[in-house]
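Residue strings, one per chain:
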Amino acid sequence: MKEVFTIADLRDWPKVTADCAIPLRLAVIGDPVAHSKSPAMHNAALAALGISARYTRLHIKPDELSECLSLLPKAGFIGINCTIPHKTAVLTHVTRADVFAQRAGGVNTVTVESDGTLTGTSTDGPGFARAIRETFGADLSTFRVMILGAGGGAGRAVAMQCASAGCPSLMLINRSLEKLIPLLDDLAAFYPAKNIASGDFDPIFLRAGLGMSDLIVNCTALGMKSEDRSPIPAELLGKHHRLYDTIYVAHRTPFLRAGDAAGAPGENGLSMLLHQGALSFERWFHCEPPIEAMRAAL
Ligand code: NAP
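Rules used in this analysis
- Residues numbered from 1 in each chain as written.
- Predicted model: local features only at pLDDT ≥ 70, side-chain atom pairs only at ≥ 80, totals over all residues.
- Heavy atoms only, no water.
- Near = heavy atom within 4 Å.
- Areas by Shrake-Rupley, 256 points an atom, 1.4 Å probe, with all protein chains shown as cover.
- Helix = DSSP H or I, 4+ residues; strand = E, 2+ residues; numbered from the N terminus.
- Nonpolar A, V, L, I, M, F, W, Y, C, P; charged D, E, K, R; others polar.
- Domains from an automatic or database assignment.
- Core = buried A, V, L, I, M, F, W, Y, C linked by side-chain atoms within 4.5 Å.
- Buried < 20%, exposed > 50% of the residue type's maximum accessible area, 1.4 Å probe, protein only.
- Contact = heavy atoms within 4.5 Å.
- Expected span 1.5 Å × (residues − 1).

Q: Hey, could you go over the site of the ligand for me, with residue numbers and the actual values?
A: Around the ligand, 24 residues are found, and the nearest of them are Gly 153, Ala 154, Asn 174, Arg 175 and Ser 176. Expressed as a share of its isolated accessible area of 930 Å², the protein-covered part of the ligand is 80%. Secondary structure elements with two or more residues in the shell around the ligand: α8 (153-165) and α12 (270-285). With three residues, α12 is the single largest residue contributor to the shell around the ligand. Taken together, the residues of the shell around the ligand break down into eleven nonpolar, nine polar and four charged. Each of domain 1 (4-122 + 273-297) and domain 2 (125-267) gives at least three residues to the shell around the ligand.

Spelled out as structure tokens, the structure:
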């Protein structure tokens, strides 16, 4: 069976997937998408629960998104996950997007409803909150949080989740300051302005942020490659900081290595991937996901 399907395959789905013993009725769409670990996690859950459906990858380019979404009901899909670069665009294509998608400014989970309409949610923020509790044994609401790369998609979802949880304070850092403006505007609607600060990667802002934060979250793309530098120098970090890198790669990321050098404990984003996936599964099947089977598969 193919590891990655395309829009051409989706147009002729029953024929193209005729040799699959169990129908492919779920997928992650992205560009690129070949690296995604979601199929392993979801297929383990589907097998564990004896559900007659399997999960695959669809390589969909931005100009193919609209057609892809329109083909899903007829192809018999239960739902899809969306990754880079589709999350924001999907928000404008679904019939209904819930509060999590609105706040995150994007959709990572689409459900094909029984009437064929598409609904969207984002499980990134709630998945992050569960990952923090699991990793550090404390509720997200207890942490003063600094987010590196808050102007990106993951950064926004994390920032909104922290604000909804009622974190005592938030420091938002982004390389391009202007990309923080829409987030700051949206946060102003429900989070007290006095508890929020922002800046770029100038050491003045980094020091100020580290002084007012316990949990430092990397939402930048820095660390995807092992030769990347850490988004924050080790010498600015202290033992009392907790580090969470949303990136999940096989190597210890430069951000986490900076934490190791400073004696600050930290984990990568695999647990966020797990929990956002488990919440998608719950949305599609309205049942408790077999979380340990999903974790083992990852
Ligand atoms: P995105 O929307 O493209 O945002 C990328 C962010 O990285 C922006 O804030 C960008 O800053 C910043 N950045 C990129 N290169 C940088 C550099 N050299 N120096 C400083 N900042 C830099 O991407 P995204 O969807 O938010 O994804 C970001 C990361 O989160 C990815 O690594 C992804 O794997 C991870 N993620 C993980 C999960 C999970 O489940 N664990 C879920 C979602 C995302 P500018 O605004 O200045 O360009």
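Q: I'd love a proper account of the nonpolar core, names of residues and values included.
A: Core analysis: the biggest nonpolar cluster contains 27 residues, and Phe 128, Val 145, Ile 147 and Leu 215 have the highest contact counts within it. Within the residue set of this core, elements represented by two or more residues are α7 (124-136), β8 (145-148), α8, β9 (170-173), α9 (181-188) and β11 (215-218). With residues up to four places along the chain from it excluded, the contact list for Val 145 reads Leu 140, Cys 162, Cys 167, Ser 169, Leu 170, Met 171, Ser 213, Leu 215 and Val 217.

Q: Hey, could you go over the environment of Pro 126 for me, with residue numbers and the actual values?
A: Within the secondary structure layout, Pro 126 lies in helix α7. Separated by 26 residues in sequence, Pro 126 and Phe 100 place their C-alpha atoms 8.4 Å apart.

Q: Describe α12, with residues and values.
A: Here α12 contains 16 residues, and its C-alpha end-to-end distance of 22 Å stays within 8% of the 22 Å for a straight helix at 1.5 Å per residue. Among the 16 residues of α12, 13 are classified as buried, and the element is accordingly described as predominantly covered. With its phi angle positive at about 50°, His 286 sits one or two positions after the end of α12.

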